[in-house]
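For reference, the chains in residue letters:
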There are 2 protein chains.
Amino acid sequence: MKIYDISMAISQDMQVYKNRDAMRPQLSVMRDYTDSNAYESQLSMHLHTGTHMDAPLHMVQGGDTIDKLDLSKVITWCKVVDMTEVSGGITRQDLEGKGIEKGDFVLLKTKNSFSDTFDDEFVFVEKSGAAFLKEAGIKGVGIDSLGIERSQPDHETHATLMGEDIPILEGLRLAAIEEGRYFLLAVPVRIADAEAAPVRALLLQNDPMDS
Amino acid sequence: MKIYDISMAISQDMQVYKNRDAMRPQLSVMRDYTDSNAYESQLSMHLHTGTHMDAPLHMVQGGDTIDKLDLSKVITWCKVVDMTEVSGGITRQDLEGKGIEKGDFVLLKTKNSFSDTFDDEFVFVEKSGAAFLKEAGIKGVGIDSLGIERSQPDHETHATLMGEDIPILEGLRLAAIEEGRYFLLAVPVRIADAEAAPVRALLLQNDPMDS
């Protein structure tokens, strides 16, 4: 079974949104072998750091929390779509003709995947792109930036997708992934009442249950 | 596709090991709709709280960290074995005759699954049980307690299993799961250099890739 890890490794020196210190994870060792016979640590992390899934509550007042997610949406075949030629926002025009169909979970591979430092000008989904994805009837969307939108004051991209209960997976690493069809595992950690949660996102090429 | 969620929900009032305050997760809201147009929070959590996977470093000096885990071990068919009649430690005798075979990922369902409060006398895997699992050549083991062992000063259960690179999944919730064969998804969050990581553990009854 071929497994592609499309998750960021969580560490203190990873890229974080806008390089904000408050977004930087802290891993603290509570005990180790200098004075104990075990090793234990603690993690403090902003829920929008690293590879994670947003729930509607993130951008919609009264929206659903991440623990309410229908898990069948994130254990599913998906399509990786090459957007590496796009700069700025991914528009309707960029997505048309890419074979995106009703029920697809779409992963957008952009230039973001090729840098491990935060780029203020990261590629995102512009509101017309979000409207296209909504109209296409997709099941979910993922992108390789830490946010699926930027510089849209009313958060139209989030609002459009969340209004349709379309899960949004952010912070993917897709540099090594060719355009095509894969089986996606992208199950968020079960955090009660939260607006997001970390995800260990994987792509499988073959059927895991055949092995 | 039938999906069973066998993970604990992470919340401030969840059961934690020995009811220690240091093990209790803290979810802090950084911004919400009282004065912002978005909702964001931060989680601080001990890595042995809730459903999680131990890496060898937890109990073996110089042992591998969780990010080194072979993911094919935790995306696999598994066997749920009923140990609900056992009190105290699960021994070799308890496990014999249960159909445990080479290459199995074994999930031990015990009385622990039926309580949401921490029990000082939780059911665990006694060292003879760990030796049996090692000799059987299992691929991995999971249990519904927050630790797979207690009251064994030299941590023989952890040492025996970790010496064979057998992943240890702790903090499962198996009350609703019948003994039998399922497909396990138990992929830990990708935390660099850590001795453990949270897992959203799921059991599937059917082949997810057929749906």
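Residues numbered from 1 in each chain as written. Chains lettered and ligands numbered in written order. Predicted model: local features only at pLDDT ≥ 70, side-chain atom pairs only at ≥ 80, totals over all residues. Heavy atoms only, no water.

**Student:** Break down the packing of aromatic side chains for me, citing the residues and quoting the values.
**Tutor:** The description of an aromatic ring pair rests on the distance of the ring centres and on the angle between the ring planes. Under the criterion given, the structure shown has 12 aromatic pairs over all chains. Ring geometry for Trp77(B) and Phe183(B): centres 5.3 Å apart, planes at 85°, overall edge-to-face. Here Phe183(B) lies in strand 11 (residues 180–185) and Trp77(B) lies in strand 5 (residues 75–82), a separation of 106 residues in the sequence. Here a set of aromatic residues connected by ring pairs shows up, and it is made of Tyr17(A), Phe118(A) and Phe122(A). Over the ring of Phe122(A) we find Arg150(A), and its NZ or CZ is 5.4 Å from the ring centre. (Phe/Tyr/Trp six-rings, centres within 6.5 Å; stacked < 30°, edge-to-face > 60°. Helix = DSSP H or I, 4+ residues; strand = E, 2+ residues; numbered from the N terminus. Lys NZ or Arg CZ within 6 Å of the ring centre and 35° of its normal.)

**Student:** A description of the relation of the copies chain B and chain A should follow, citing residues and the corresponding values.
**Tutor:** Two copies of one chain are present, and they are related through a rotation about an axis combined with an axial shift. Mapping chain B onto chain A is achieved by rotating through 180° and translating by 0.0 Å along the same axis, at an RMSD of 0.0 Å. In the structure described here, the two chain copies are related by an operation that fits a two-fold rotation axis. Ranked by how close their C-alpha atoms come to the rotation axis, the residues of chain B are headed by Ser44(B), at 2.0 Å. Same-surface contact between copies: 100% of interface residues of chain B are shared with the interface of chain A. (Least-squares fit on C-alpha atoms with pLDDT ≥ 70 in both. Contact = heavy atoms within 4.5 Å.)

**Student:** Residue-level account of the interface of chain B and chain A, with values.
**Tutor:** In many reports, interface size means the accessible area that the parts give up when they come together. Contacts between the two partners involve 56 residues from chain B and, on the opposite side, 56 residues from chain A. Of the roughly 5100 Å² buried at the junction of chain B and chain A (both faces included), carbon and sulfur atoms supply 60%. Seen at the junction of chain B and chain A, the total is two salt bridges. A salt bridge links Arg190(B) to Asp5(A), with the nearest nitrogen and oxygen atoms 3.4 Å apart. Applying the counting rule to chain B against chain A returns 30 residue pairs in polar contact (both at pLDDT 80 or more). For the side of chain B that touches chain A, the secondary structure elements donating two or more residues are strand 1 (3–5), strand 2 (26–31), strand 3 (40–46), strand 5, strand 11 and strand 13 (202–204) of chain B. The greatest single-element share of the side of chain B that touches chain A, amounting to seven residues, is contributed by strand 3 of chain B. Taken together, the residues that form the side of chain B that touches chain A break down as 34 nonpolar, 14 polar and eight charged. (Buried area = accessible area lost by both parts, 1.4 Å probe. Salt bridge = Lys/Arg side-chain N within 4 Å of Asp/Glu carboxyl O. Polar contact = N/O pair within 3.5 Å; in protein donor to acceptor, adjacent residues only side chain to side chain. Nonpolar A, V, L, I, M, F, W, Y, C, P; charged D, E, K, R; others polar.)

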